[in-house]
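For reference, the chains in residue letters:
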Amino acid sequence: MEEQRSAGGGKPFAVSREEVAAAWLAVKQNGGAPGADGVSIAEFEADLENGLYKVWNRMASGSYFPPPVRAVQIPKDHGRGTRMLGIPSVADRVAMTVVAARLEAVTEPVFHDSSFGYRPGRSQHDALAACRENCLRRDWVIDLDVEAFFDSVPWDRIIKAVEAVTDLPWVILYVKRWLAADVVMPDGTRASRDRGTPQGSPVSPVLANLFLHFASDRWLAREFPAVRFERYADDAVVHCATLAQAEEVLAALAARLEQCGVRLHPGKTQIVYCRDANRRQRWDGPVSFTFLGYEFRGRTQRNAGTGQLFDGFAPAISPRALAAKRDTARSWHLARRTSLEIQDIADLVNKSVRGWMHYYGKYNRHVLYPLLALINHYIQQWMQAKYRKLRPAKALARAWDRNITLTRGRLAHWQWITYARW
């Protein structure tokens with residue numbers, strides 16, 4: 001206790017001013033909207049010294065009580081509908097980041113190597129690469145979907161997981177308080193909860209990883225050491241050698257998760273056969289699955305060494321994600337923006353397209369080409385709407401070729417394709 005009081009400047013809990021300051025820098029870098037109190041990052045920074053002192057003083061003294069989080073409805077990643085996001089206040093994000101950093105320091109050494117989500121030095125592409133490799137080595141996949149995970153995960157199990165990795169009383173105390181914090185709904189009403197942890201807070205990812213580490217990762221490694229898996233937050237894929245093994249693992253894992261207070265979605269969890277040129281077993285069930293916005297299925301591939309085509313089980317942007325990007329491109333209404341110049345159009349398009357190319361261009365990027373050609377078509381519509389002289393097809397073609405020749409780097413996707421969909 002004396003050590004805690006010394007480190008905390010005479011306070012009962014050893015929370016240093018330095019880690020609060022470091023947490024602020026991380027919050028500022030991540031950006032984000034105001035919480036329920038309406039205070040923006042810029043407004044918090046205007047009185048930074050006082051704001052950080054309050055966070056430190058209350059955390060170190062045990063008197064920090066989180067305000068309610070602001071709930072907002074946002075689109076899910078990869079075009080899969082919407083989800084509820086909880087936005088804490090800026091000060092609360094600073095406090096959460098302090099606790100998250102403490103937890104990450106003790107959880108990183110114990111997390112399973114097949115857990116990829118929200119961990120330093122690991123990315124979605126790493127998870128996809130591991131999934132691709134395991135699909136080549138094992139014929140069967142369990143495509144897992146935990147039903148409403150962030151809304152249903154039980155608090156007692158989260159606390160038990162936290163207590164398994166740290167004995168710091170203030171970390172456990174504040175995790176309990178954050179779990180129980182009220183939510184201000186979009187209509188302004190205030191709601192209380194008895195389970196779940198709102199997505200969007202700096203501490204939620206490590207709490208989710210902790211729960212699933214004990215509920216699934218460590219359990220799978222112990223009970224079924226022969227299987228392989230990839231997990232990115234609550235999105236997971238398990239690889240099995242045979243159908244019988246897949247059925248056994250799925251039944252056992254479903255029972256295990258229910259024991260831990262969550263359940264697999266009965267309509268979205270499925271066993272998939274990785275059918276390709278070399279795997280042609282009779283199977284009337286699914287032969288494709290989606291993981292992190294990529295659809296894995298049998299598709300034509302080109303051998304990097306020989307250039308020969310073959311049928312392999314491989315990932316590419318999923319149809320749902322592709323449709324969501326088409327909707328986004330359509331929503332720009334480029335043909336109506338005749339007040340803009342070509343560089344303005346390029347800036348608008350590049351803002352989204354660079355990210356799409358970086359993420360979805362990792363594997364089989366040619367599946368993106370129809371989307372990029374459609375964007376070129378929309379740009380040509382803008383050119384004809386803005387410049388009457390370009391309405392004849394030949395005039396448009398000459399202007400298009402001239403722009404590509406002179407300013408190929410203006411639009412990011414011109415590095416891949418320059419033709420348009422007609």
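Placed above this text is the structure.
Cut-offs used in this document
- Residues numbered from 1 in each chain as written.
- Predicted model: local features only at pLDDT ≥ 70, side-chain atom pairs only at ≥ 80, totals over all residues.
- Heavy atoms only, no water.
- Patch = residues over 30% accessible without salt bridge, like charges linked within 9 Å, V, L, I, M, F, W, Y side chains within 5 Å.
- Areas by Shrake-Rupley, 256 points an atom, 1.4 Å probe, with all protein chains shown as cover.
- Salt bridge = Lys/Arg side-chain N within 4 Å of Asp/Glu carboxyl O.
- Lys, Arg positive; Asp, Glu negative; His and termini not counted.
- Charge placed at Lys NZ, Arg CZ, Asp CG, Glu CD.
- Helix = DSSP H or I, 4+ residues; strand = E, 2+ residues; numbered from the N terminus.
- Pairing = 2+ DSSP bridges.
- Axes fitted to C-alpha atoms, helices over the stretch in contact; angles between N-to-C directions.
- Contact = heavy atoms within 4.5 Å.
- Phe/Tyr/Trp six-rings, centres within 6.5 Å; stacked < 30°, edge-to-face > 60°.
- Buried < 20%, exposed > 50% of the residue type's maximum accessible area, 1.4 Å probe, protein only.
- Lys NZ or Arg CZ within 6 Å of the ring centre and 35° of its normal.
- Parallel < 35°, antiparallel > 145°, perpendicular 65-115°, else oblique.
- Nonpolar A, V, L, I, M, F, W, Y, C, P; charged D, E, K, R; others polar.

J.: Sorry if this is basic, but what is going on with a positive patch on the surface here?
T.: Residues Lys 389, Lys 394, Arg 398 and Arg 402 make up a contiguous surface patch of positive charge. Considering the arrangement of structural elements, one finds Arg 402 in helix 15 (residues 393-406).

J.: So what exactly am I meant to see when it comes to the sheet that holds strand 6 (residues 228-232) here?
T.: Paired through backbone hydrogen bonds, the strands of a sheet run either parallel or antiparallel to each other. Spatially, 6-7-3-8 is the arrangement adopted by the four strands of the open sheet, whose pairing is antiparallel. Across the chains shown, the open sheet's two edge strands, defined by having one partner strand only, are strand 6 and strand 8 (270-273). Strand-to-strand twist in this sheet, taken as the mean axis angle between neighbours without regard to direction, amounts to 20 degrees. The pairing of strand 3 (residues 140-145) with strand 8 spans four bridges and is classified as antiparallel. Its bridge partner lying in strand 8, Val 141 is registered against Val 272. Contacting strand 3, strand 6 and strand 7 (235-240), helix 6 (residues 124-137) crosses the sheet at an angle of about 160 degrees to strand 6. Taken strand by strand, helix 10 (residues 204-223) contacts strand 6 and strand 7, and its axis lies near 175 degrees from that of strand 6.

J.: It is not clear to me how the packing of aromatic side chains should be interpreted in this structure. Could you clarify?
T.: Within a pair of aromatic rings, the relevant descriptors are the distance that separates the centres and the angle that separates the planes. Within the structure shown, the criterion is met by 21 aromatic pairs. Taking the centre distance of 4.8 Å and the plane angle of 90 degrees together, the rings of Tyr 359 and Tyr 360 count as edge-to-face. The exposure class assigned to Tyr 359 is buried, which follows from its relative accessible area of 11%. Judged by its relative accessible area of 3%, Tyr 360 is buried. In textbook terms, an aromatic cluster arises when at least three aromatic residues are bridged by ring pairs, as seen for Tyr 294, Tyr 359, Tyr 360 and Tyr 363. Seen from the ring of Trp 56, Arg 17 lies directly overhead, with NZ or CZ sitting 4.1 Å from the centre. The ring of Phe 65 has Arg 177 sitting right over it, with the charged end atom 3.7 Å from the ring centre.

J.: Can you walk me through the packing of helix 8 (residues 155-165) against helix 10 in this structure?
T.: The angle between the axes and the distance between the axes are what describe a pair of packed helices. Between helix 8 and helix 10, whose axes approach to 9 Å, the crossing angle comes to 85 degrees. What the angle tells us is that helix 8 and helix 10 run roughly perpendicular. Counted together, Arg 157, Ile 158, Ala 161, Val 162, Ala 164 and Val 165 of helix 8 and Leu 207, Leu 210, Phe 211 and Phe 214 of helix 10 form the full contact between these two elements. A class-by-class count of the residues in the contact of helix 8 with helix 10 yields nine nonpolar, no polar and one charged.

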